[in-house]
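Residues per chain are reported as follows:
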Amino acid sequence: MGRVVSGSKLLASQTRSMAVLSRMRLRWALLDTRVMGHGLCPQGARAKAAIPAALRDHESTEGPGTGQDRPRLRSLAELPGPGTLRFLFQLFLRGYVLHLHELQALNKAKYGPMWTTTFGTRTNVNLASAPLLEQVMRQEGKYPIRDSMEQWKEHRDHKGLSYGIFITQGQQWYHLRHSLNQRMLKPAEAALYTDALNEVISDFIARLDQVRTESASGDQVPDVAHLLYHLALEAICYILFEKRVGCLEPSIPEDTATFIRSVGLMFKNSVYVTFLPKWSRPLLPFWKRYMNNWDNIFSFGEKMIHQKVQEIEAQLQAAGPDGVQVSGYLHFLLTKELLSPQETVGTFPELILAGVDTTSNTLTWALYHLSKNPEIQEALHKEVTGVVPFGKVPQNKDFAHMPLLKAVIKETLRLYPVVPTNSRIITEKETEINGFLFPKNTQFVLCHYVVSRDPSVFPEPESFQPHRWLRKREDDNSGIQHPFGSVPFGYGVRSCLGRRIAELEMQLLLSRLIQKYEVVLSPGMGEVKSVSRIVLVPSKKVSLRFLQRQ
Ligand code: HEM
């Protein structure tokens, strides 16, 4: 690995297969056409209806003014915030470069919920309250822009790769997203991957048992996040490519191991390449490492796509059009010609990437907090085994009867939004927020970490309280928070594509583990803090004991 393989042979082969397949009637073994859907998720409409009256009042105090005697709108220049030098000092000398989420809290305490940060020629507007997030998100247009993601683009430009879903913008993004939404976005579509996920989870539990038995105490897993990372990679590859990649084998295949290492290193180095000036690239090791690790990530993706194309061709040759069994996501997109070969190569490595750190870290935090809160874990065990007794494998329909399980996941994501800082750039028009008028192309930084720990929305925000998400009775609104208080999957048409898959995977895994084990902290574990490595990760290895219940 190390160099992205030439895509021309692969692309030619894919184009050939797609042309043949487009003329065929195909059997969709796994995915039922009844659940196929189009369009983008209109979450906003639902969210608005859920705002409790009290919060609507609060919202209007921070909302744009109306009426004739409306006060003068203020400008960007009137917002407070640290200048470039102070920001650099905070990042590099005070060490916040790996703790940007904590810097949000510090700046909010100093400047209030809206402040600027200046970096070179660019001034960003930071928003750190739920009503402010709501105002900006509700003004976004048809093609929301998250961030220019310059360093990701530089890699793709350098290697002649097309932009994937994360970095395309405008109509090109819309086309990609419209295609990718199919067989992914809706809960009913995600549910079709239940069997595939359960198969991977069974292997994960076997692997976990192996790791436990090899430990000195016979029940300890010294690095839970690492093991869950392997689960998440195996699961997303199986869903995307219908291919097992050996992550849960005792000895992981070399290319899979390289991919795993490369994702970690790419993220780690990307923090530095984002903030260090371009002239430092030949002098410092970060840029080279960053680029090489991206190459490895793409090599892995290209290899998987190539194998899928070969598989389709072999089926065609052996049994003709009726012999092709189409079931998975990539298979569907290729045979329906929803994506061009170049788009597939540009997008799929990003999809694998999106599906790994996210779910694995969330699951790690959930298990860590369940271990620290045995009474919550016991209640969850009771809930899970009340619906799915030991020995039975949970199915998607079971989760309708597991409100606490869902609340545990929500509360985990509130405390640790995997993407602690997101952004939006509104290009179409000026944006009015809280009495300020911002010019087109202003970058708004959405400070999710500090917003979802706001005590005015979540009392005792630092403590793990899944019950805050539960309603005690039908007419009880206490489990409903401000709709933008915790939005870990983002918002609107550009929100997380894999949300339903992620939720299903986390529900299936947590319910299986809690059904079978009592999870406790390993001796000397102590407090685990979070580090912002673009995604939010534990600052140290999380070691837990899995005590078999039956
Ligand atoms: C706990 C799990 C996950 C969390 C918390 C999460 C969170 C997010 C967030 C915050 C965004 C940005 C949304 C916005 O800008 O409004 C995002 C985007 C995205 N996520 Fe996830 N994600 C998770 C799992 C997954 C999985 C399993 C996939 C697998 C396919 C995935 C695929 C994507 C993609 C493709 C985008 C970009 C969408 C676009 O730009 O149109 N995510 N995710």
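Source: prediction; values computed, not measured. (Residues numbered from 1 in each chain as written. Predicted model: local features only at pLDDT ≥ 70, side-chain atom pairs only at ≥ 80, totals over all residues. Heavy atoms only, no water.)

(A) How the structure looks around the sheet that holds strand β6 (residues 422–425). Here four strands make up an open sheet; going across it, the order is β2-β3-β9-β6 and the pairing mixed. Looking at which strands have only one partner, the edges of the open sheet turn out to be β2 (114–119) and β6. Along the sheet, successive strands turn relative to each other by an average axial angle of 30 degrees, direction set aside. Sheet topology note: the β2/strand β3 (residues 122–127) ladder contains six bridges and is antiparallel. If you follow Met114 over to β3, its bridge partner there is Leu127. (Pairing = 2+ DSSP bridges. Helix = DSSP H or I, 4+ residues; strand = E, 2+ residues; numbered from the N terminus. Axes fitted to C-alpha atoms, helices over the stretch in contact; angles between N-to-C directions.)

(B) Looking closely at the sheet that holds strand β10 (residues 517–521). With antiparallel pairing, three strands are arranged side by side in an open sheet as β4-β13-β10. The strands lining the two open edges of the sheet, one partner per strand, are β4 (220–221) and β10. Sheet topology note: the β4/strand β13 (residues 544–548) ladder contains two bridges and is antiparallel. Within β13, the position partnered with Val221 by the bridge is Leu544. On the sheet, helix α16 (residues 357–372) packs against β10 and β13 and is oriented at approximately 85 degrees with respect to β10. (Contact = heavy atoms within 4.5 Å.)

(C) Focus on the packing of aromatic side chains. Evaluated as defined, the whole model comprises 17 aromatic pairs. Relative to Tyr174, the ring of Trp173 has its centre 6.3 Å away and its plane inclined at 65 degrees; by these criteria the two rings are edge-to-face. For Trp173, a relative accessible area of 1% corresponds to the buried category. The partly exposed category is assigned to Tyr174, whose relative accessible area is 27%. In this structure, Arg156 packs its charged tip against the face of Trp294, placed 4.0 Å from the ring centre. Taking NZ or CZ as reference, Arg281 lies 3.6 Å from the ring centre of Trp287, over its face. (Phe/Tyr/Trp six-rings, centres within 6.5 Å; stacked < 30°, edge-to-face > 60°. Buried < 20%, exposed > 50% of the residue type's maximum accessible area, 1.4 Å probe, protein only. Lys NZ or Arg CZ within 6 Å of the ring centre and 35° of its normal.)

(D) Here's a closer look at empty space enclosed by the protein. Throughout the structure, instances matching the rule amount to three cavities of 30 Å³ or more. Estimates place the volume of the largest cavity at around 60 Å³. When contributions to the lining of the largest cavity are tallied by element, the ones reaching two or more residues are α12 (254–275) and α13 (286–319). Across the lining of the largest cavity, the residue classes tally to seven nonpolar, one polar and one charged. (1 Å grid on protein atoms, 1.4 Å probe; cavity = no way out; pocket = protein on both sides within 12 Å on 5 of 7 lines; lining within 4 Å. Points joined across faces, edges and corners; volume = space filled by probe spheres on them. Nonpolar A, V, L, I, M, F, W, Y, C, P; charged D, E, K, R; others polar.)

(E) Up close: the site of the ligand. By nearness alone, 28 residues border the ligand, and Arg146, Asn422, Arg424, Arg494 and Cys496 come closest of all. Within the side chain of Arg146, a nitrogen or oxygen atom sits 2.6 Å from an oxygen atom of the ligand. With respect to the ligand, the backbone of Tyr491 contributes an N or O atom lying 3.2 Å from an oxygen atom. For the shell around the ligand, the secondary-structure elements that each account for two or more residues are α8 (170–181), α15 (341–354), α16, β6 and α20 (499–516). Looking at the shell around the ligand element by element, the count peaks at three residues for α16. Classifying every residue of the shell around the ligand gives 16 nonpolar, eight polar and four charged. Both domains that meet at the shell around the ligand, namely domain 1 (74–150 + 420–454) and domain 2 (162–419 + 488–549), each give it at least three residues. (Near = heavy atom within 4 Å. Polar contact = N/O pair within 3.5 Å; in protein donor to acceptor, adjacent residues only side chain to side chain. Domains from an automatic or database assignment.)

(F) Summary view of the coordination of the iron atom of the ligand. Coordination of the iron atom of the ligand by the protein comes from a single atom, Cys496 (SG), at 2.3 Å. For Cys496, the location among the structural elements is in the loop between α19 (448–451) and α20. (Donors = N, O, S within 2.8 Å, 3.2 Å for Na, K, Ca; no water.)

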